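These are the residues of each chain, in order.
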Amino acid sequence: MLQEVSIKPADLSAYETIIKNGLLEEIQTLAKSLKGKRVLHLNATSSGGGVAELLKSLLPLMQNTGLETRWFTLTPNEEFFTITKKIHNFLQGRKGDLTQKEKEYFLRYGQKLSTQLDIKQFDLLVVHDPQPLPVILNNFHPSIWHCHIDTSKPNKNVWKFVSPFIRRYDRYIFTLRKYFGPGLDYKKLRFFTPAIDPLSSKNTLLKEVYAKAVLKKFGLHPDEPLITQVSRFDHWKDPWGVIDAYRVAKRKMPNLQLALIGVLAIDDPEGKVILADIKKYAKEDPNIFILTNLDGVGPLEVNAFQCASNILLQKSIKEGFGLTVSEALWKGKPVIGGNCGGITVQIKQGKSGYLVNTPRSCATKITHLLKNPKLALEMGEYGKETVREKFLMPRLLRDYLKLFQEFN
Ligand code: UDP
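First, a word on what this report is: a plain description of the structure on this page. Every chain begins its residue count from 1, and numbering advances along the sequence as written. Reporting in this predicted model follows two pLDDT cut-offs: at least 70 for local features of residues, and 80 or more for side-chain atom pairs to be given and counted; totals over whole chains, interfaces and linings ignore these cut-offs and use all residues. Side-chain metrics rest on all non-hydrogen atoms present in the structure, leaving aside hydrogens and water.

### Some thoughts on the overall build of the protein chain
Just so we agree on the cut-off: Secondary structure follows DSSP: runs of H or I at least 4 residues long count as helices, runs of E at least 2 residues long count as strands, and numbering of each begins at the N terminus. The quantity called the radius of gyration is restricted to C-alpha atoms. Its globule counterpart is 2.2 Å times the number of residues to the power 0.38. Exposure is judged per residue with a 1.4 Å probe applied to protein chains only, and the accessible area is read against the type maximum: over 50% gives exposed, under 20% gives buried, and values in between give partly exposed. Whether two residues are in contact is decided by their heavy atoms, any of which lying within 4.5 Å being enough. Only the protein chains shown count as cover for residues, with accessible areas throughout obtained via the Shrake-Rupley method and a probe of 1.4 Å.
Helix and strand counts for the protein chain come out as 14 helices and 13 strands. Taken against the 2.2 N^0.38 rule, which gives 22 Å for 408 residues, the C-alpha radius of gyration of the protein chain at 21 Å falls within 12% of a compact globule. Split into buried and exposed, the 408 residues of the protein chain put 60% on the buried side. Considering only residue pairs separated by 6 or more positions, the protein chain has 74% of its internal contacts joining residues 24 or more positions apart. By element, 53% of the accessible surface of the protein chain is carried by carbon and sulfur atoms, the whole surface being about 17000 Å².

### Some thoughts on the site of the ligand
Which entries qualify depends on this criterion: The nearness test applies per residue and asks whether one of its heavy atoms lies within 4 Å of the molecule or strand. Each polar contact in these results corresponds to two N or O atoms within 3.5 Å; when the atoms are within protein, one needs to be able to donate a hydrogen and the other to accept it, and residues that are neighboring in sequence are counted only if both atoms are side-chain atoms. Three classes are used: nonpolar for Ala, Val, Leu, Ile, Met, Phe, Trp, Tyr, Cys and Pro, charged for Asp, Glu, Lys and Arg, and polar for all others, with Gly counted as polar.
Not every one of the 17 residues close to the ligand is listed here, only the nearest: Gly 50, Arg 232, Lys 237, Val 263 and Glu 327. Within the side chain of Lys 202, a nitrogen or oxygen atom sits 2.9 Å from an oxygen atom of the ligand. In this structure, an oxygen atom belonging to the ligand sits 2.7 Å away from a side-chain N or O atom of Lys 237. Burial of the ligand by the surrounding chains reaches 90%, relative to a free accessible area of 540 Å². Contributions of two or more residues to the shell around the ligand are made by helix 2 (50-64), strand 9 (257-262) and helix 10 (323-330). Of the residues forming the shell around the ligand, the biggest block, three residues, is contributed by helix 10. Residues of the shell around the ligand, tallied by class, amount to five nonpolar, six polar and six charged.

### Some thoughts on the pairing of strand 3 (residues 68-74)
In the case of a regular strand, side chains alternate between the two sheet surfaces. Stated formally: Following DSSP output, two strands are said to pair if at least two bridges run between them.
Counting buried positions along strand 3 yields five of seven residues, so the element is predominantly enclosed. The sheet contact formed by strand 1 (residues 2-5) and strand 3 spans four bridges and is antiparallel. Bridge pairing in strand 3 places Val 5 opposite Trp 71. In the sheet, strand 2 (residues 38-43) pairs with strand 3 via six bridges, with the strands oriented parallel. Looking at strand 3, one finds that Leu 40 is bridged to Arg 70.

### Overview of the packing of helix 3 (residues 78-91) against helix 4 (residues 100-114)
Heads up, the rule is: Lines fitted to C-alpha atoms define the axes, with helix axes restricted to the stretch in contact, and inter-axis angles between N-to-C directions lie between 0 and 180 degrees. Roughly parallel covers angles under 35 degrees, roughly antiparallel covers those over 145, roughly perpendicular covers 65 to 115, and oblique covers all other angles. For any helix crossing, the convention is left-handed if the near helix is rotated counterclockwise from the far helix by under a right angle, and right-handed if that rotation is clockwise.
Contact geometry for helix 3 and helix 4: axes closest at 10 Å, N-to-C directions at 115°. Accordingly, the angle class assigned to the pair helix 3 and helix 4 is roughly perpendicular. The element helix 3 and its partner helix 4 pack so that their crossing is left-handed. Residues Glu 79, Phe 80, Ile 83, Thr 84, Lys 86 and Ile 87 of helix 3 touch helix 4, and the partners they reach there are Glu 102, Tyr 105, Phe 106 and Tyr 109.

### Here we look at the packing of aromatic side chains
Condition: Between rings of Phe, Tyr and Trp, where Trp is taken as its six-membered ring, a pair exists when centres lie within 6.5 Å; planes separated by under 30 degrees are stacked, by over 60 edge-to-face, and by other angles tilted. By definition, being over a ring means that NZ of Lys or CZ of Arg is both within 6 Å of the ring centre and within 35 degrees of the ring normal.
For the structure on display, the rule yields 14 aromatic pairs. Measuring from ring centre to ring centre gives 4.4 Å for Phe 80 and Tyr 109, while their planes differ by 35°; the resulting arrangement is tilted. One end of the pair, Phe 80, is in helix 3; the other, Tyr 109, is in helix 4, with 29 residues separating them in the sequence. Here Phe 80 falls in the buried class, since its relative accessible area comes to 0%. Ring geometry for Trp 145 against Phe 174: centres 6.1 Å apart, planes inclined by 85°, an arrangement best described as edge-to-face. One end of the pair, Trp 145, is in strand 5 (residues 143-147); the other, Phe 174, is in strand 6 (residues 171-174), and 29 residues separate them in sequence. Each member of the pair, Trp 145 together with Phe 174, is buried. Cluster of aromatic residues (ring-pair linked, three or more members): Phe 80, Phe 81, Tyr 105, Phe 106, Tyr 109, Phe 161 and Phe 165. Of note, Arg 247 hangs over the ring of Tyr 281, and the distance from its end group to the ring centre comes to 5.4 Å. Just above the ring of Tyr 354 sits the side chain of Lys 365; from NZ or CZ to the centre is 4.5 Å.

### Digging into the side chain of Asn 303
Summarising the element assignment, Asn 303 is placed in helix 9 (residues 299-308). Given a relative accessible area of 0%, Asn 303 falls into the buried group.

### Here we look at the environment of Leu 189
As for its placement among the helices and strands, Leu 189 is situated in strand 7 (residues 189-191). Sequence spacing of Leu 189 and Cys 307 is 118 residues, and the spatial spacing of their C-alpha atoms is 37 Å. Residues in contact with Leu 189, not counting those within four places in the same chain, are Tyr 172, Phe 174, Arg 177 and Phe 180.

### A closer look at the pattern of salt bridges
To keep things clear, this is the line we draw: Whenever a carboxyl oxygen of Asp or Glu lies within 4 Å of a side-chain nitrogen of Lys or Arg, that contact is scored as a salt bridge.
As enumerated under the stated definition, the model contains 25 salt bridges in all. The salt bridge involving Asp 268 is made with Lys 85; its shortest N-O contact spans 3.0 Å. In this pair, Asp 268 is assigned in the loop between strand 9 and helix 8 (270-282) and Lys 85 in helix 3, connecting sequence segments 183 residues apart. Lys 85 matches Asp 268 in its accessibility class, with the two residues each being buried. For Asp 118, the salt bridge is made with Lys 120, and the minimal N-O distance between the two is 3.7 Å. On the basis of relative accessible area, Lys 120 is assigned to the exposed category, the value being 68%. Connected through salt bridges with shared partners, the residues Lys 85, Arg 94, Arg 232, Asp 234, Asp 268 and Glu 270 form a single ionic network.

### Considering unusual backbone geometry
Note that the residue after His 141, namely Pro 142, is joined by a cis bond; omega there is -5°. In this structure, Asn 139 takes a positive phi of about 45° despite not being glycine. As for its placement among the helices and strands, Asn 139 is situated in the loop between strand 4 (124-128) and strand 5. Judged by relative accessible area, Asn 139 falls into the partly exposed class, the value being 44%.

What follows is the structure in structure tokens.
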């Protein structure tokens, strides 16, 4: 029920010409004292969603620096993942409670998983997000819980149930300081943002002609204006608001196209339901393209949509970080994002895009940017440099190594 994901080695020096000066040397110095440390990363799934995306690139680099890094995920189980998705929503503040039966299932499943790993093989444990929390690996230390969501105003009932598991850890990593959940030990708090991999097939820049050919393959008109949101089909990502914004903008730009690209992640059973609802909401508008991994949209295709769009949207109403924002900025595109969470640290208002609170203001910014391609270009360039400075993978590796050093 725990599955090991194989980690393909990656060469850190390949990033040398892309990242800012001095970072590579800093990583090498930190790594020297950690050489041979055996690190276990545990999370829900190896594909779909931001955490999987992150670990896929981070762990090969971690290994390359000399740490013996291994990655385990939880075997897909729809009942368990339905409960953990509820927990995810509750930790971000949704009202309600888990039933007693759900709590028992969550604990029982975790206990079963706990017996499956020989934790003595490791020197450090890193657990990502709430799904693996009930997996108690013999109260192993040192241990780190990396929380990728905002738990600052959690549902009180569910927080009471879940937070004792969190308190067992020696450190908590949060994306932003303000995401820190109530009652946790302040001294254990560390915070750093996630990052994107500029060398992955998702993020290496594609030629325009290739990107447009991908659009054509999916029935889009490659030379008409296009706005795209790439994200899981999730309430917090507000796909309905995106469609509303598109409809308002379309009044001024009748040939506007909207693509909603969404992966159906194994640990997110809610996605299918939301996808069906959005399709209904789109009312068979021929200029709205709703596509998923099941239609053949993989990392390259996501990249192509990001490269070929005039503007990228991430109109979330809650967002831990939103890797899609950095991915879009890295492609030199302006981004219009929801004025919340991690989006606000990525988009500089009026410089690399806009932060918006309503579909209507989103629509206003869409038409403004479509009418001002020079401005869109300038914003894209500005945004790309922000990502280079703050949100590329080697920086995340550095932050992790620094944290590991605290236990040396
Ligand atoms: N993603 C993808 N295909 C899709 C939708 C999303 O590959 O159809 C990727 C996206 O490019 C990003 C990640 O999934 O790398 C989503 O991470 P983010 O932090 O934006 O959101 P999360 O899913 O973690 O809430």
